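# Residue-level structure breakdown
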Amino acid sequence: MNKKQFSFAAAVLVLPTLIILITSCSSKPPSATTTTDDVNSLDFAQKIMQTQISAAPIEDAGKSLEPELSAQYPDTFGGLWVEYTPKFHFVVAFTSGGEEAVQPYRQGLLANAIEVRTVKYSYRSLQKAQTDIMTALNKLNIEFNSGIMTMDNVVELDIAKTDMPRLNDAVQSGHLLIPDCVKIVPVDALASPL
């Protein structure tokens, strides 16, 4: 195949992909083969994109929220995340005193962009629980994946289903105490390290 034939073959392969991309980004109504779920997903994605673009100044204004609040209120700060619907805003979680803690930040662009929620555990206590349970599981040679799920206010531990009997035995024998803030999730296989 010479260079010209190769270029033509590549163009033929790329062209259908381009048409699909152009069609999916067009403002035409969806075709009859498009499902309602597809339209709703696309509408939702477009709303989030529009929100992200219009919320950029608010996001910039709120960049210091998490580090400042976690440093000032380590015993009550539960975490921070962003929600895009129904409008762009920061959600800040505290075990107590959240409204008073965020009051100084509710001005300018952030005046109506901070929602406070109450959670049971501070982020610091979740970190400690995670460290403690990870140490205990390492001593028992039980492999796991772990993460702090800020929005759910829990430490999540993925344990292979094949290791669940050993975990249950350790709990029943009193060799392992699982705090209330730790959620065990049995999985078929653990994620591999990168």
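Keep in mind the model is a prediction, meaning the values are calculated, not measured. For every chain, the first residue of the written sequence is number 1, and numbering continues from 1 onward in sequence order. In keeping with the predicted nature of the model, local features appear solely for residues at pLDDT of at least 70, side-chain atom pairs appear and are counted solely at 80 or more, and the whole-chain, interface and lining totals rest on all residues. Each side-chain value is worked out from all heavy atoms of the structure, with water and hydrogens disregarded.

## Focus on the packing of aromatic side chains
- Between the rings of Phe, Tyr and Trp (Trp by its six-membered ring), a pair exists once the centres lie within 6.5 Å; its type follows the angle of the planes, with under 30 degrees stacked, over 60 edge-to-face, and the other angles tilted. Per the stated rule, a full pass over the model turns up four aromatic pairs.
- Arranged with centres 6.0 Å apart and planes meeting at 85°, the rings of Tyr73 and Phe94 form a pair that is edge-to-face. In this pair, Tyr73 is assigned in the loop between helix H3 (65-72) and strand E1 (77-83) and Phe94 in strand E2 (residues 89-94), connecting sequence segments 21 residues apart.
- Burial classification: accessible surface area is computed with a 1.4 Å probe over protein chains only, and a residue below 20% of its type maximum counts as buried, one above 50% as exposed, and the rest as partly exposed. Residue classification places Tyr73 among the partly exposed residues on the basis of a relative accessible area of 28%. Numbering goes from the N terminus for both helices and strands, where a helix is a DSSP run of H or I of at least four residues and a strand is a run of E of at least two.

## Here's the deal with the sheet that holds strand E4 (residues 144-149)
- The three strands lie next to each other as E4-E5-E6, forming an open sheet whose pairing is mixed. One side of each edge strand has no neighbouring strand; the edge strands of this open sheet are E4 and strand E6 (182-187). Neighbour-to-neighbour, the strand axes of this sheet turn through a mean angle of 20°, independent of strand direction.
- Inspection of the sheet shows strand E5 (residues 154-160) paired to E6 by six bridges, in the parallel sense. Residue pairing for E6: Asp158 is matched across the bridge by Val185.
- The strands touched by helix H5 (residues 123-139) within the sheet are E4, E5 and E6, with E4 carrying the most contacts at an inclination of about 175°. A pair of strands is considered paired only if DSSP assigns at least 2 bridges between the two. Orientation is described by axes fitted as lines to C-alpha atoms, over the contacting stretch for helices, and by angles from 0 to 180 degrees between their N-to-C directions. Any two residues whose heavy atoms approach within 4.5 Å are treated as being in contact.

## A few points about the pairing of E1
- Counting buried positions over the seven residues of E1 gives six, a clear majority of the element.
- Across six bridges, E1 lies against E2 in antiparallel orientation. When the sheet's bridge partners are listed, Phe77 is paired in E2 with Phe94.
- Taking the residues between adjacent antiparallel strands as the criterion, E1 and E2 are bridged by five residues.

## Details of the sheet that holds E1
- Across the sheet, which stays open at both edges, the three strands sit in the order E1-E2-E3 with mixed pairing between neighbours. Whereas interior strands pair on both sides, the edge strands pair on one side only; in this sheet they are E1 and strand E3 (114-118). The mean angle between the axes of side-by-side strands here comes to 20°, regardless of whether they run parallel or antiparallel.
- Packing of H3 onto the sheet brings it into contact with E1, E2 and E3, and relative to E1 it is tilted by some 165°.

## Here's the deal with the pairing of E5
- Counting buried positions along E5 gives seven out of seven residues, so the element sits mostly inside the fold.
- Neither face of E5 is exposed, since Val154, Glu156, Asp158 and Ala160 on one face and Val155, Leu157 and Ile159 on the opposite face are all buried.
- Alignment of E4 against E5, held across six bridges, turns out to be antiparallel. The residue of E5 that forms the bridge with Asn145 is Asp158.
- Note on handedness: a clockwise path from strand one over the helix to strand two, with the strands aimed away from the viewer, defines a right-handed crossover. Read as a crossover between parallel neighbours, the route from E5 over helix H6 (residues 164-172) to E6 is right-handed.

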